[in-house]
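Summary of the model geometry
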Amino acid sequence: MKAFTTLKGIVAPMDRANVDTDMIIPKQFLKSIKRTGFGKNLFDELRYLDEGQPDQDCANRPLNENFVLNQSRYQGSNILLARQNFGCGSSREHAPWALDDYGFRCVIAPSYADIFFNNCFKNGILPVILSESDVDLLFKETFATEGYQLEVRLAEQKVVTPDGKEFGFEVDAFRKHCLLNGLDDIGLTLEDADAIKAYEVSRRQEAPWLFDAIQAS
Amino acid sequence: MSGKTLYDKLWDSHLVKQRDDGSALIYIDRQLLHEVTSPQAFDGLRLAKRNPWRIDANLATPDHNVPTTDRSSGVDGIADPVSRIQVKTLDENCDEFGIVEFKMLDHRQGIVHVVGPEQGATLPGMTVVCGDSHTSTHGAFGALAHGIGTSEVEHVLATQCLVQKKMKNMLIRVNGSVGPGVTAKDIVLAIIGKIGTAGGTGYAVEFAGQGISDLSMEGRMTLCNMAIEAGARAGMVAVDQTTIDYVKGRTYAPKGELWEKAVAAWSDLHSDADAKFDAIVELNGADIKPQVTWGTSPEMVTSVDGTVPNPAREHDAVKKEAIERALVYMGLTPDMAITDIKLDRVFIGSCTNSRIEDLRAAAEVVKGRKVAATLKQALVVPGSGLVKAQAEQEGLDKIFVEAGLEWREPGCSMCLAMNADKLGQGEHCASTSNRNFEGRQGFGGRTHLVSPAMAAAAAIAGHFVDVREFLSGDAN
């Protein structure tokens, strides 16, 4: 996994509550068996005026000029500013894959759906939670200033505005550790292989039926 | 010290290791796999040269991409090449790693959340995961079940564990029984309408009360299935005799002496009387009417005798904007009656409502009647091959076909339209599925979530009607 330490970049404002994962990456693109290549279809139904198809060249598709990512001032953005309950809906990890493939490494919102929030950390994306009022203020500043940039410092757990305002945020110690160091958490879990085996031995005594094999019949 | 909730008990019995940083390793008893969220997980295993930890804890079946029409040409007959590759990839991965899979032409194939319970692969007291948010369904068995992303699918394949942080406890109690014609779907939509789509975020939700214990296992699965639409990754119901009766005799359920031992252990799978919940929500069963969603989020819901909201009366700016946006997308006008919403298609199916009881409820409504001439299509898609066979044995397929509905092969179908079953732009659909998000059932499609009986009544009328009046003959 890519490490996340400090990120500075242009902020794109997604000014809408309850953005669901069907909106982030519509289902027809979930047919891919790869982890990459989803960026061109990020927010597909909002971004383009026609219905997108997998493996289609998006260069000549009609754009929704009003959509935030199609506005010239937000080109090259790598921080997505969003509203409450961002990422609700399905568990598709294609949603963070699409954000990452497009170039977003950080989302800032007042709240997230649980599964999406978790999936971000597995992909080197930092989902920052700030209060509604702080997020409101960042929306205002982003709209007011073309090329508005934020700096996100994970080690210090701070978001810093261009004029030096600082917003602290919380993050789980384990997730922070994995992100800062770009750690693969399967490898970390396997360090506890003995504990897993010991659990299995004692659990099998108590509830042997849980270890019956799923067998072909 | 206060007692434990059902969730506390399930958590404690699966705790492998509590880490100092607040995270914990939780053991996973069962993983269900389907074609959409697993290919990258298998690739990850191969890349890292890792072996699966306990391969026989997994069960797979393709469901999202499979055609619901003629399957005589097998997987090679799937018209969309991208869908075909995904289904083939699941077959290849399961063959390579030795995972039991009910392939597309197997008579047990179906939607994972229908197949797992009907095979007894989901048991009380288990932890169950799947790369699908509707894994919450399995909580109906007094299990801890939730959806995970593909990285976690790989994590479970490799370690049989997940790194988790304990959630908070929420109790949702439905006091008293619901009235006739009111189903588990109406109960859960009413709950989502009350607490909102983020109301359960961060919580494991236990459903309890008379209105819940009255429900069959099919009903409890419908209820827990949509816990995620209230933001709760996991929903659950305590084990009782209804649970035990459903599980008994199923293929992967324990047998003989082990069965007796298991049943004795399962008797503890309920919250203690003095258990402490972080939040409690109560509803009166008698107040719940058949529900219909009018907007683009499951919380945008009202009773069938209600009206579409008027944004002018909403004071919260964010909500007002959301209503306005939803009404434009849905092509509805403020204050119009729900029963005036005209329909283009009807979909009866999905992991929410495609079990035998759902099909019986729909068949009862359409029996001896005809689908409205104004409807373009009415689909009935059973949740599994076994549900299909059972329905055909009961003659339900004939009732549907005679009434003008199409009887299909099992799969996810029009719930999310990854196969060929989808809505056209601007079309309104009465759907027994779980999400009414923009574009969910097809580009520009307009979804209204309802119970199977309500969908069936709407198919006959061509617009929404109160199924309670419909069944008593009062509706026109």
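Residues numbered from 1 in each chain as written. Chains lettered and ligands numbered in written order. Predicted model: local features only at pLDDT ≥ 70, side-chain atom pairs only at ≥ 80, totals over all residues. Heavy atoms only, no water.

1. What about the overall build of chain B?
Using the following cut-off: Labels follow the DSSP assignment, with helices taken as runs of H or I lasting at least four residues and strands as runs of E lasting at least two, numbered in each case from the N terminus. Each radius of gyration is computed over the set of C-alpha atoms, and the globule rule expresses the reference value as 2.2 Å times the number of residues to the power 0.38. Accessible area is worked out with a 1.4 Å probe on protein chains only. A residue is then buried under 20% of its type maximum, exposed over 50%, and partly exposed in between. Contact between two residues is taken to exist if any of their heavy atoms lie within 4.5 Å; hydrogens are not considered. Shrake-Rupley sampling with a 1.4 Å probe provides the accessible areas, and residues are treated as covered by the protein chains on show and by no other component. Neither His nor the chain termini are counted; the positive set is Lys and Arg, and the negative set is Asp and Glu. One atom stands in for each charge, and that atom is NZ of Lys, CZ of Arg, CG of Asp or CD of Glu.
Helices and strands together make up the secondary structure of chain B, namely 16 helices and 19 strands. A compact globule built from 476 residues would reach a C-alpha radius of gyration of about 23 Å, and chain B, at 22 Å, matches this within 12%. For chain B, the C-alpha atoms occupy an extent of roughly 60 × 60 × 45 Å along the three principal directions. Counting every position in chain B, which comprises 476 residues, the buried fraction comes to 66%. By sequence separation, contacts in chain B at least 24 residues apart represent 76% of the contacts at least 6 residues apart. If you sum the accessible surface of chain B, you get close to 15,500 Å²; carbon and sulfur atoms cover 50% of it. For chain B, the centre of its 48 positive side-chain charges and the centre of its 61 negative side-chain charges are spaced 2 Å apart.

2. Observations regarding the sheet that holds strand β8 (residues 161-164) of chain B
Residue and element names in this part refer to chain B. Here is the rule we go by: A pair of strands is considered paired only if DSSP assigns at least 2 bridges between the two. Note on geometry: axes are lines fitted to C-alpha atoms, helical ones only across the stretch in contact, with angles between N-to-C directions running from 0 to 180 degrees.
Taking strand neighbours across the sheet as the criterion, the three strands line up as β1-β2-β8 in an open arrangement whose pairing is antiparallel. Of all the strands in the sheet, just β1 (15-18) and β8 have a single pairing partner and so form its edges. Between one strand axis and the next, the sheet turns through 20 degrees on average, direction left out of account. Together, β1, β2 (24-27) and β8 form the strand contacts of helix α1 (residues 6-13), whose direction differs from that of β1 by roughly 80 degrees.

3. Quick word on the pairing of strand β3 (residues 30-33) of chain B
All names here are of chain B. Burial along β3 is two-sided: the residues Arg30 and Leu32 and Gln31 and Leu33 are all buried. Sheet topology places β3 next to strand β6 (residues 127-130); three bridges connect them, and they run parallel. Pairing of leucine 32 across the sheet is with cysteine 130, part of β6. Note that β3 and strand β4 (residues 58-60) share three bridges and pair parallel. Looking across to β4, one finds that leucine 32 is bridged to leucine 59.

4. So, the nonpolar core
Selection criterion: Grouping buried Ala, Val, Leu, Ile, Met, Phe, Trp, Tyr and Cys residues that are joined through side-chain atoms within 4.5 Å yields what is termed a nonpolar core.
Membership of the largest hydrophobic core comes to 110 residues, with the highest contact counts inside it found for Phe43(A), Phe86(A), Leu99(A), Ile108(A) and Phe400(B). Here this core takes eight residues from helix α15 (residues 452-461) of chain B, the largest share from any one element. The residues touching Phe43(A), leaving out its near neighbours within four places in the chain, are Met14(A), Val19(A), Met23(A), Ile24(A), Phe67(A), Leu69(A), Leu80(A), Phe86(A) and Leu99(A).

5. Examining the packing of helix α2 (residues 39-47) of chain B against helix α3 (residues 81-97) of chain B
All names here are of chain B. Going by this rule: Roughly parallel means an angle under 35 degrees; roughly antiparallel means over 145; roughly perpendicular covers 65 to 115; every other angle is labelled oblique. For a crossing to be left-handed, the near helix must be turned anticlockwise from the far one by less than a right angle; the clockwise case is right-handed.
Between α2 and α3, whose axes approach to 10 Å, the crossing angle comes to 40 degrees. As far as their axial angle goes, α3 and α2 are oblique. The hand of the α2/α3 crossing is left-handed. Seen from α2, the contacting residues are Pro39, Phe42, Leu45 and Arg46; seen from α3, they are Gln86, Thr89, Asn93, Glu96 and Phe97.

6. A word on the sheet that holds β4(B)
Residue and element names in this part refer to chain B. What the five strands build is an open sheet, ordered β5-β4-β3-β6-β7; its pairing is parallel. The sheet is open, and its two edges are formed by β5 (100-101) and β7 (144-147), each paired on a single side. Note that β4 and β5 share two bridges and pair parallel. The residue of β5 that forms the bridge with alanine 60 is glutamate 101.

7. Some points on helix α3 (residues 94-102) of chain A
Taken as a whole, α3(A) has its buried residues at His94(A), Ala95(A), Pro96(A), Trp97(A), Ala98(A) and Leu99(A). Contacts from the buried residues of α3(A) go to α1 (21-24), β2 (79-82), β3 (106-109) and α4 (114-121) of chain A together with α2 and α5 (150-159) of chain B. One or two steps after α3(A), the chain reaches Gly103(A), where phi turns positive at roughly 125 degrees.

8. Some thoughts on the layout of surface pockets
Keep this limit in mind: In this analysis, the protein atoms alone were mapped onto a 1 Å grid. Cavities are point sets where a 1.4 Å probe fits without being able to get out; pockets are open sets with protein on both sides within 12 Å along at least five of seven lines; lining residues have an atom within 4 Å of a point. Grid points are joined across faces, edges and corners, and a volume is the space filled by probe spheres set on the points. Polarity classes work like this: nonpolar for Ala, Val, Leu, Ile, Met, Phe, Trp, Tyr, Cys and Pro, charged for Asp, Glu, Lys and Arg, and polar for all others, with Gly in that last group. Note that the domain bounds reflect an automated or database-derived domain assignment.
In this structure, the largest pocket occupies an estimated 1,400 Å³ of space. Lining the largest pocket are 50 residues, and of these Phe117(A), Asn118(A), Phe121(A), Lys122(A) and Arg175(A) lie nearest its centre. At the level of elements, α3, α4, α6 (173-181) and α7 (185-190) of chain A together with α2, α5 and β8 of chain B are the ones that each hand at least two residues to the lining of the largest pocket. Taken together, the residues that form the lining of the largest pocket break down as 19 nonpolar, twelve polar and 19 charged. In terms of domain composition, the lining of the largest pocket takes at least three residues from each of domain 1 (6-182) and domain 2 (184-217) of chain A.

9. Quick look at the interface of chain A and chain B
What counts is decided by this rule: Accessible-area loss on putting two parts together, using a 1.4 Å probe and summing over both, is the definition of buried area adopted here. We count a salt bridge whenever a side-chain nitrogen from Lys or Arg sits within 4 Å of a carboxyl oxygen from Asp or Glu. The definition of a polar contact used here is a pair of N or O atoms within 3.5 Å, where within protein one atom must be able to donate a hydrogen and the other to accept one, and adjacent residues in sequence count solely through side-chain atom pairs.
At the junction of the two partners, chain A supplies 66 residues and chain B supplies 82 residues. Summing both partners gives a buried area of about 6,100 Å² for chain A against chain B, and 56% of it is carried by carbon and sulfur. When the buried area of chain A at its contact with chain B is split by residue, Lys31(A), Trp209(A) and Ile214(A) rank highest and sum to 14% of it. Connecting chain A to chain B are nine salt bridges. With a closest N to O distance of 3.0 Å, Arg50(B) and Asp184(A) form a salt bridge. At the surface where chain A touches chain B, the tally comes to 32 residue pairs in polar contact (both at pLDDT 80 or more). Contributing elements (two or more residues each) for the side of chain A that touches chain B: α2 (44-47), α3, α4, α6, α7 and α8 (193-206) of chain A. With nine residues, the single largest contributor to the side of chain A that touches chain B is α8(A). Tallied by class, the residues present in the side of chain A that touches chain B amount to 26 nonpolar, 15 polar and 25 charged.

10. Describing the packing of aromatic side chains
Each aromatic ring pair is specified by the distance between its two centres and by the angle formed by the two planes. Residue and element names in this part refer to chain A. Operational definition: Each Phe, Tyr or Trp ring, with Trp reduced to its six-membered ring, pairs with another whose centre is within 6.5 Å; inter-plane angles below 30 degrees give stacked pairs, above 60 give edge-to-face pairs, and intermediate values give tilted ones. Here, a charge over a ring means that NZ of Lys or CZ of Arg falls within 6 Å of the ring centre while also lying within 35 degrees of the ring normal.
Under the criterion given, the structure shown has 17 aromatic pairs over all chains. Aromatic pair phenylalanine 86 and tyrosine 112: ring centres 6.5 Å apart, planes at 90 degrees, arrangement edge-to-face. Residue phenylalanine 86 is found in the loop between β2 and α3, and its partner tyrosine 112 is found in the loop between β3 and α4; the two are separated by 26 residues along the sequence. The two residues phenylalanine 86 and tyrosine 112 agree in class, both being buried. Three or more aromatic residues joined by ring pairs make a cluster, and in this case those are Phe86, Tyr112, Phe116, Phe117 and Phe121. Against the face of phenylalanine 139 rests arginine 83, its NZ or CZ located 3.8 Å from the ring centre.

11. Looking at the domain arrangement of chain A
Domain assignment breaks chain A into domain 1 (6-182) and domain 2 (184-217). If you average the C-alpha positions of domain 1 of chain A and of domain 2 of chain A, the two centres end up 36 Å apart.

12. Comments concerning empty space enclosed by the protein
For the structure shown, the criterion picks out three cavities of 30 Å³ or more. Taken as a whole, the largest cavity encloses approximately 210 Å³ of empty space. Tallied by class, residues from the lining of the largest cavity come to nine nonpolar, eleven polar and five charged. Considering only enclosed or pocket space, the second largest cavity measures out at about 100 Å³ in volume. Lining the second largest cavity are Asn85(A), Cys88(A), Gly89(A), Ala113(A), Asp114(A), Thr197(B), Thr201(B), Ile228(B), Glu229(B), Gly231(B), Pro298(B) and Phe437(B). Here the lining of the second largest cavity is built from residues that sort into five nonpolar, five polar and two charged.

13. A closer look at the environment of Thr222(B)
All names here are of chain B. Its location among the elements puts threonine 222 in helix α8 (residues 217-225). In this structure the C-alpha to C-alpha distance between threonine 222 and alanine 184, which are 38 residues apart in sequence, comes to 6.2 Å. Apart from residues lying up to four places away in sequence, threonine 222 is in contact with Ala184, Lys185, Val188, Thr352, Asn353 and Asp358. Side-chain polar atoms of threonine 222 contact the side chain of asparagine 353, separated by 3.5 Å.

14. Looking at α3(B)
All names here are of chain B. Formally: Here the expected span of a helix is defined as 1.5 Å times the quantity of residues minus one.
With 17 residues, α3 extends 24 Å between its outermost C-alpha atoms, agreeing within 8% with the 24 Å of an ideal straight helix rising 1.5 Å per residue. What α3 keeps buried is the set Val82, Ser83, Gln86, Val87, Thr89, Leu90, Asp91, Asn93, Cys94 and Phe97. Looking at the buried residues of α3, the elements they touch are α2, β4 and β5. At the N-terminal boundary of α3, the capping side chain belongs to aspartate 80, with an oxygen 2.9 Å from the backbone nitrogen of valine 82. After α3 finishes, the residue glycine 98 shows a positive phi value of roughly 80 degrees.

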